[in-house]
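# Structure assessment
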Amino acid sequence: MSGHPSHHAPLKTPSGRFAAALLGALFVGMVVAPHESTAQSQPEGDNRVRIVQLLQLGRSHSPNARVELEKSLGDPSESVRIAAVTGLGALGDVSAVRALEARVAVEPQASVRQRITDTVAKLKRSSLDAAKFVVQLGNMTNVTTVKNSQLPDVMRAAAKTHAAHLKGAVVAEGPGDALLQKASEKHLPVLVLDGQLSKLSRADGAGNVTYAAQVEFVVRKAPSQVLKGTFHGGAAGSDSSKALESTKRLAELQGEVVSGAVESALRGAEHGLAEASR
């Protein structure tokens, strides 16, 4: 399975004050060779080393730390789960909130649930304290002829994840998000982000199939809804024709490509959105 990069595209704004190349090289559907986790399981009954590793991961601020810590949220050991939650709190990455909230819904131990709840509140507070503007997720639509009802949800999830990594940004799920009230109290500007999947094409080759996606985002400033700019992104990915005989794998590949297109659009968008918020 393989992927290939999209091309660069400018950020366009009515005022012409800023422009940024928001498409970067992006590879989707890549197979990564397995590697030894820094949080590798210890023999049953002795998790002390693993607990120390998880706590160190939280303090490391490594790009891969969040993923490693999130994997340990479902560990059989209560002590390991607590260490994973503590590590995520120390890491301070608000993107971990989704995994933490998913875990708290199934966590059997009250002590761990309370630690998760406290950590989620801490992450949300710290994110808002450091924010310069709010990105409010708007409508996500698929205007292509590809009939995959999951694609708007894929766009929304990808937009939430990648917008949360933008410097100075905090993400609100929609107009009913309680975060907007707190942002209003802090007088933070709000930018509404509407997304559109404008293209999802298929190309059949010798034994493989390639999908290419293009997305476009429109930025409006709330509450006036004044248009502040547009930006777009693209990505492509492929898999074998045999693998894509599975409707599940076909939908997965389409989702991977669309998610990649959203990532390419939002990559490096801090400057443009910061300008739009003024």
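In this report, we go over the structure that sits alongside the text. Everything quoted here is computed from the prediction, not taken from an experiment.

## Remarks on the environment of arginine 278
Here arginine 278 shows up in the segment after helix H9 (270-276). Dropping the residues within four chain positions of it, arginine 278 is found in contact with Lys221 and Lys228.

## Brief notes about the packing of aromatic side chains
In the structure shown here, the tally under the stated rule is one aromatic pair. Judged by centre distance (5.6 Å) and plane angle (25 degrees), the rings of phenylalanine 217 and phenylalanine 231 are stacked. Within this pair, whereas phenylalanine 217 is found in strand S5 (residues 208-222), its partner phenylalanine 231 is found in strand S6 (residues 226-240), the two being separated by 14 residues in sequence. Taking the relative accessible area as the measure of exposure, phenylalanine 217 reaches 0% and is therefore buried. Residue phenylalanine 231 is classed as buried on the basis of its relative accessible area of 2%.

## Topic: the pattern of salt bridges
Where charged atoms from two side chains of opposite charge come close, those side chains can pair. Per the stated rule, a full pass over the model turns up 14 salt bridges. A salt bridge links lysine 242 to glutamate 245; the nearest nitrogen and oxygen atoms lie 3.6 Å apart. Classification of glutamate 245 by relative accessible area gives exposed; the value is 58%. A single network of salt bridges, built from pairs that share partners, joins Asp239, Arg249, Glu252 and Glu256.

## A look at the nonpolar core
Grouped together as the largest cluster of nonpolar side chains are 37 residues, with contacts concentrated most on Met155, Leu200, Val215, Phe217, Phe231, Val262 and Leu273. Among the elements that line this core, the one with the most residues is helix H8 (residues 247-266), at eight residues. Among residues more than four places away in sequence, those in contact with valine 215 are Met155, Gln196, Leu197, Ser198, Phe231, His232, Gly233, Ala261, Val262 and Ala265. By size, the runner-up hydrophobic cluster in this structure holds 18 residues, among which are Leu54, Val97, Leu100 and Ile116.

## Examining the packing of helix H1 (residues 48-60) against helix H3 (residues 78-91)
Packing of H1 against H3 brings their axes to within 7 Å, and their N-to-C directions diverge by 15 degrees. Here H3 runs roughly parallel to H1, going by the angle between their axes. Here the hand of the crossing between H1 and H3 comes out right-handed. Residues Arg50, Ile51, Leu54, Leu55, Leu57 and Gly58 of H1 lie in contact with H3, whose contacting residues are Ser79, Val80, Ala83, Ala84, Thr86, Gly87, Ala90 and Leu91.

## Quick look at the packing of helix H4 (residues 97-104) against helix H5 (residues 110-130)
Where H4 meets H5, the closest approach of the two axes is 10 Å, and the angle between their N-to-C directions is 155 degrees. The angle between the axes of H4 and H5 places the two elements in the roughly antiparallel class. Both H4 and H5 take part in a crossing whose hand is left-handed. Contacts between H4 and H5 involve Val97, Leu100, Glu101, Arg103 and Val104 on the former and, on the latter, Arg113, Ile116, Thr117, Thr119, Val120, Leu123 and Lys124. Split by residue class, the contact of H4 with H5 holds six nonpolar, two polar and four charged.

What counts as what
Residues numbered from 1 in each chain as written. Predicted model: local features only at pLDDT ≥ 70, side-chain atom pairs only at ≥ 80, totals over all residues. Heavy atoms only, no water. Helix = DSSP H or I, 4+ residues; strand = E, 2+ residues; numbered from the N terminus. Contact = heavy atoms within 4.5 Å. Phe/Tyr/Trp six-rings, centres within 6.5 Å; stacked < 30°, edge-to-face > 60°. Buried < 20%, exposed > 50% of the residue type's maximum accessible area, 1.4 Å probe, protein only. Salt bridge = Lys/Arg side-chain N within 4 Å of Asp/Glu carboxyl O. Core = buried A, V, L, I, M, F, W, Y, C linked by side-chain atoms within 4.5 Å. Axes fitted to C-alpha atoms, helices over the stretch in contact; angles between N-to-C directions. Parallel < 35°, antiparallel > 145°, perpendicular 65-115°, else oblique. Left-handed = near helix turned anticlockwise from the far one by under 90°. Nonpolar A, V, L, I, M, F, W, Y, C, P; charged D, E, K, R; others polar.

Note that all results are geometric; they support no functional claim without further evidence.
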